[in-house]
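# Analysis of the macromolecular model
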Amino acid sequence: MKHIVILGNGIAGITAARHIRKLSDHKITVISGESEHFFSRTALMYIYMGHMKYEHTKPYEDWFWRKNNIDLKMGWVEQVDFDRRELQFNNGEAINYDQLILATGSNSNKFGWKGQDLKGVQGLYSLQDLELMEQNTQNIERAVIVGGGLIGVEMAEMLHSRNIPVTYLIRESHFWDIVLPDEEASMIDRHLREHHIDLRTNTELLEIIDDGEGKVKAVKTNDNETIPCQFVGLTVGVHPNINLFKYSTLEIDKGILVDELLKTNLPDVYAIGDCAQLKSPSQYRKSIEAVWYVGRKMGETVAKTICGTPTVYNPGVWFNSAKFFDIEYQTYGSVPPYHSSSFYWEHADGKKAMRIVFNENYEVEGVNFMGLRQRHEVWDRWIRDGKTLQYVMEHLTDAHFDPELFRRHEQEIQSKYNGAFPDHQVTIRKKGFLEKILN
Amino acid sequence: MKNLGLTFFLVGLGLFLSLFFMSDYQLSNEDFKSIVKQEHQESLLPEIANILEKPFSNAISFANAIDHAVNTVNEQMRATQQWDQVIYDNYTASLTRAATKGIITEHPTTLFLLIFGLVIGGGVIFSLAGKNSPPGIKNNGIFFNALNNRGWIGILVGTILIAFYILLYFYDAHIMNWIILVDPLQKWINPSATSSQWFLYGFLYTIAVTVMGVRFIMKYRHSKYQIVRTISVMFFQLALAFLLPEILVRLNQPYFDFKNMWPLDYDFFDAWHINMLTSAGGIGIFMFAWGITLFMVGVPVLVYFFGKRWYCSWVCGCGGLAETAGDPFRQLSDKSLRAWKIERYLIHGVLVFAIVMTGAVLYNFISSTNTIFGLDTYTYLRKPYGFMIGSIFSGVVGTGFYPLMGNRVWCRFGCPLAAYLGFIQRFKSRFRITTNGGQCISCGNCSTYCEMGIDVRWYAQRGQNIIRSSCVGCGVCSSVCPRGVLNLENRDEEGRFVKNSFIE
Ligand SMILES: Cc1cc2nc3c(=O)[nH]c(=O)nc-3n(C[C@H](O)[C@H](O)[C@H](O)COP(=O)(O)OP(=O)(O)OC[C@H]3O[C@@H](n4cnc5c(N)ncnc54)[C@H](O)[C@@H]3O)c2cc1C
Ligand code: SF4
Ligand code: SF4
């Protein structure tokens, strides 16, 4: 029996712990300074919005850990002595490991703006950030958010739920257009404005202005406008949390470098989740992918390796999802914002859309869906098997995942496709009886 | 607009509640003579003499005085062994009704229109207030709200509901003002009838389902599933549970709710009920056969194709109230494993109790006896069931505890029909909630808003379909999921339990 220590109780660390427990009777200790129990970081916004309480964001009841003999240790690790295989806590305690899994997650980016450390200026990553945001947003008149990404739009929704007016600064010409093609990005722009978010595209933050008492009073933008505000949310991305290892023998770059078995350069030390950087990622995948699903997959993989079945990390076809206020987004495969050919359909209400990216052989490489739910398993298979655009159009109904009785859009999509590709027509789906009555 | 609606509603509710105190009670000699049977008048008169023509300022003291008089007579009769003189008739309600004097007896129709106009109008205005904001799930502030999160308003509402149910079931004379209030409507539907506490209850219930149904539809208006389902429960409550039985009575047919069924309808096999139906000619026989077919054939077949939701969240009255009036409280159900254990013991216990009780009642009916194994069926089975399960559990606890334990307390822990439907749903049905690949982010919205206390996330985050006997298929987990992970589906039984391969 070995002692396996996991630093970080996020999705990556916890998945590893659970799977090691399933596969072995090693002693397992999971360490975190943030919270005693595993909670869902992705649900932070819902606590602020009053949809849930902190308790609801815990995916397992508190008895689960003891029952499964997983030791939880709450505290901040200040240093790791890899030679002595020892983690040292800031209160002087220490524990030793036989094998160590680093799953320390991310930190919010800050780009050295003047005034970025004023009171009322913050990012959103941890529970502590959420508490701070709760304090920082009491009785304020306006908030400014900087950075058009997923956490930024969540923050906008959070503040909006409390009727706090939001000005949202985005450097690019559309929301999140480093990931989303123009049409999808514009759709979100419109939707944000529909929710009365004061969206400023092509606008950069220059500096944050002090009120004389160390608190934010306003921000200044690159078009020299001064926007009075009492809160600034900096949501300009995250980076791997590796401060602890800066001056150690652990090999790091932007993140902790790992091979395809998720091993670091040091013996018996692994890294998974947001903090890990793959030395050689697979095609279409990045070396650092700070998303929930990657942490989970890496946790599953490393558990097998540690329990005696060395397993290569194989993330499969990329997928992700998000929700921008009321518009759900799902993506499968690779959809770069600039790509050579794609088929795009948008519903007249401007809130639903579908994009299929294909290569020169008409094989589907990736899809985006806005406001439509689609079957993961089906698209994963189609993309892996290199199905053609015509094939997926013909079989579109197989991937339908919207709730029952929802208006179907296959007819419209297929007709548009038939118009655009007259040489490769598909049969248009027929409406069901009930559907005709209901719509 | 929201505040305007709320104000109307609260004023209406306030008027309704204060009506409880707003009458005087004075029983006239003539009323006494016309209501109390000849044979009881003589014995009762000496005891009641000091009440006659005497003003009382509230229903409670008046009703207590009547009860006291009747009890005194009965004690004397029992003491002197004059068993045939003991009074079993319940005169309290009818005498209280006759004695009631005040604004409610003078202007019942005006008050009826005023109070319910304010309540219904206010409720609808309140519900429609948000119609211009973009549709979508907005559970903002639910856990900061004193109504939705067991705060003082929640506790107050719970207390009022519990008190109302106790009065309704056991002290109808005390709420005579309210009963008189709905008499104009009763007379309008059926001129020869007089409103009872059950008519009052049915009417309030129907208002709750329809007005809060409008609110529910507005809240979930981005989802056609929710809209259609809610229109369905509103229709079944209004047409089948409330109006049709009253119309049947007007046409001199038996009172019958076509969508209710045994074992939820636990007096279906009571001798009086069977006799009532079978003596009502062809239509009565049809009703009897319908009731039996519904639970013997309808349930298994429909649950096989659609899951228990076809009943619990599309048709049933208890379910209808829970889904509409109870929606603000759905997040209060307990999701712990412990609660699930208690649930299984309780609900199956009630089912066994219902079967044993009905079996005994039927045995008595067929063999024309009153006892089973030497025990009096009414005293030891039928009455305790009606009291403990029918009144206390399904009413007082089932609805009174909405603001404390969530809106499906009865459906989850007590309803024997739900247990039966659930059995089939779990073991022989095409229904399941499909988990979409690996998309779950374990956020917990689904579990939080599952009114049945199912830890939906437990399954979703493992890539497993949700197949639980208690799931009523309300679809709210699917509606609130921010990643589009959950989908209620009827598909091939094969593969129903298979875990998907995106999550290990
Ligand atoms: C607001 C928000 C919303 C998000 N929404 C989504 C989403 O919708 N979909 C999606 O795919 N991804 C989302 N993400 C990203 C996703 O949450 C992360 O990718 C994921 O949580 C990373 O998991 P992890 O286990 O690698 O690290 P983390 O969850 O960050 O866990 C690391 C833990 O280690 C602890 N730790 C680190 N160093 C130390 C130390 N020295 N001593 C003690 N403890 C330490 C940290 O305190 C932390 O608790 C979101 C992130 C945020 C912030
Ligand atoms: S609501 Fe959706 S994403 Fe959240 S835990 Fe449930 S299934 Fe997963
Ligand atoms: S699991 Fe979903 S559909 Fe079933 S009762 Fe719970 S919330 Fe409703």
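Everything in this summary refers to the structure shown in the same document. The residue numbering used here restarts from 1 in each chain and proceeds along that chain's sequence as written. Whichever chain is written first is A, and whichever ligand is written first is 1; the rest continue in order. Since the coordinates come from a predicted model, pLDDT governs what is reported: local features require at least 70, and pairs of side-chain atoms require 80 or more to be given and counted, while whole-chain, interface and lining totals use all residues. Side-chain metrics in this entry use all non-hydrogen atoms of the structure; hydrogen atoms and water are not considered.

## Some remarks on the packing of aromatic side chains
All names here are of chain A. Only Phe, Tyr and Trp rings are paired, with Trp represented by its six-membered ring, and only when their centres lie within 6.5 Å; those with planes under 30 degrees apart are stacked, over 60 edge-to-face, the remainder tilted. Inspection of every chain in the model, using the stated rule, returns 67 aromatic pairs over all chains. On the basis of an interplanar angle of 40° and a centroid distance of 6.2 Å, the ring pair of Phe82 and Phe245 is categorised as tilted. A residue pair is termed long-range when its members are at least 10 positions apart, and Phe82 in the loop between strand 4 (77-81) and strand 5 (86-89) and Phe245 in the loop between strand 17 (238-240) and strand 18 (256-258) qualify at 163 residues. An identical accessibility class is assigned to Phe82 and Phe245; each is buried. In this description a helix means any DSSP run of H or I spanning at least four residues, a strand means any run of E spanning at least two, and both kinds are numbered starting from the N terminus. The cut-offs for exposure are 20% and 50% of the maximum accessible area for each residue type, with area from a 1.4 Å probe on protein chains only; residues under the lower value are buried, those over the upper are exposed, and the others partly exposed.

## Looking at the site of ligand 3
The near set for a molecule or strand comprises every residue that places at least one heavy atom within 4 Å of it. Taken together, Ile433, Cys450, Met452, Ile454, Val456, Cys471, Val472, Gly473, Cys474, Gly475 and Cys477 of chain B make up the full set of residues adjacent to ligand 3. Each residue gets one label: Ala, Val, Leu, Ile, Met, Phe, Trp, Tyr, Cys and Pro are nonpolar, Asp, Glu, Lys and Arg are charged, and the others, such as Gly, are polar. For the shell around ligand 3, a count of residues per class yields nine nonpolar, two polar and no charged.

## Quick look at the interface of chain A and chain B
In this analysis, two residues are considered to be in contact whenever any of their non-hydrogen atoms come within 4.5 Å of each other. With 57 residues of chain A in contact, the opposing surface of chain B contributes 54 residues. Using a 1.4 Å probe, buried area is obtained as the accessible area two parts lose upon being combined, added over both of them. Across the chain A/chain B interface, buried area totals approximately 4,500 Å², and carbon plus sulfur atoms make up 47% of it. Looking only at chain A, the three residues that lose the most surface to chain B are His51, Phe401 and Glu404 of chain A, adding up to 15% of its buried area. A pair is scored as a salt bridge if a Lys or Arg side-chain nitrogen falls within 4 Å of a carboxyl oxygen belonging to Asp or Glu. Where chain A touches chain B, the interface holds six salt bridges. Put simply, Glu154 of chain A and Arg483 of chain B hold a salt bridge, and the shortest N to O gap is 4.0 Å. Polar contacts, as counted here, are pairs of nitrogen or oxygen atoms within 3.5 Å of one another; within protein the pair requires one atom able to donate a hydrogen and one able to accept it, and residues that are adjacent in sequence qualify only if both atoms are side-chain atoms. In this assembly, chain A and chain B are joined by 33 residue pairs in polar contact (both at pLDDT 80 or more). Within the residue set of the side of chain A that touches chain B, elements represented by two or more residues are helix 1 (11-23), helix 2 (44-48), helix 3 (63-67), helix 5 (150-161), helix 7 (292-306), strand 21 (319-324), strand 22 (327-333) and helix 8 (376-384) of chain A. For the side of chain A that touches chain B, the element with the most residues is helix 7 of chain A, which contributes six residues. The residue inventory of the side of chain A that touches chain B, partitioned by class, reads 20 nonpolar, 16 polar and 21 charged.

## What about the site of ligand 2?
Residue and element names in this part refer to chain B. In the vicinity of ligand 2 there are 13 residues, among which Cys440, Cys443, Gly444, Cys446 and Cys481 approach most closely. Listed by contribution, the elements that provide at least two residues to the shell around ligand 2 are helix 22 (445-449) and helix 23 (456-460). When grouped by side-chain class, the residues that make up the shell around ligand 2 number nine nonpolar, three polar and one charged.

## Side note on the sheet that holds strand 7 (residues 99-102) of chain A
Residues and elements named next belong to chain A. If you trace the five strands from one edge of the open sheet to the other, you get 3-2-1-7-19, paired in parallel fashion. Each edge of the open sheet is held by one strand with a lone partner, namely strand 3 (70-74) and strand 19 (269-271). Going across the sheet, the axis of each strand differs from the next one's by a mean of 20°, ignoring polarity. Strand pairing requires that DSSP identify at least two bridges connecting the strands. Taken together, the four bridges between strand 1 (residues 3-7) and strand 7 define a ladder with parallel strand orientation. Working convention: axes come from line fits to C-alpha atoms, limited for helices to the stretch in contact. Angles between N-to-C directions cover 0 to 180 degrees.

## Looking at the nonpolar core
Side-chain atoms within 4.5 Å link the members of a nonpolar core, which is a set of buried Ala, Val, Leu, Ile, Met, Phe, Trp, Tyr and Cys residues. Leu87, Ile101, Met354, Trp379 and Met393 of chain A are the most contacted members of the largest nonpolar core, which has 122 residues in total. Not counting chain neighbours up to four residues away, the residues in contact with Trp379 of chain A comprise Tyr332, Met354, Ile356, Val364, Val367, Phe369, Gln374, Val392, Leu396 and Ala399 of chain A. The next biggest cluster of nonpolar side chains, apart from the first, holds 75 residues, and it includes Phe216, Phe295, Leu351 and Cys474 of chain B.

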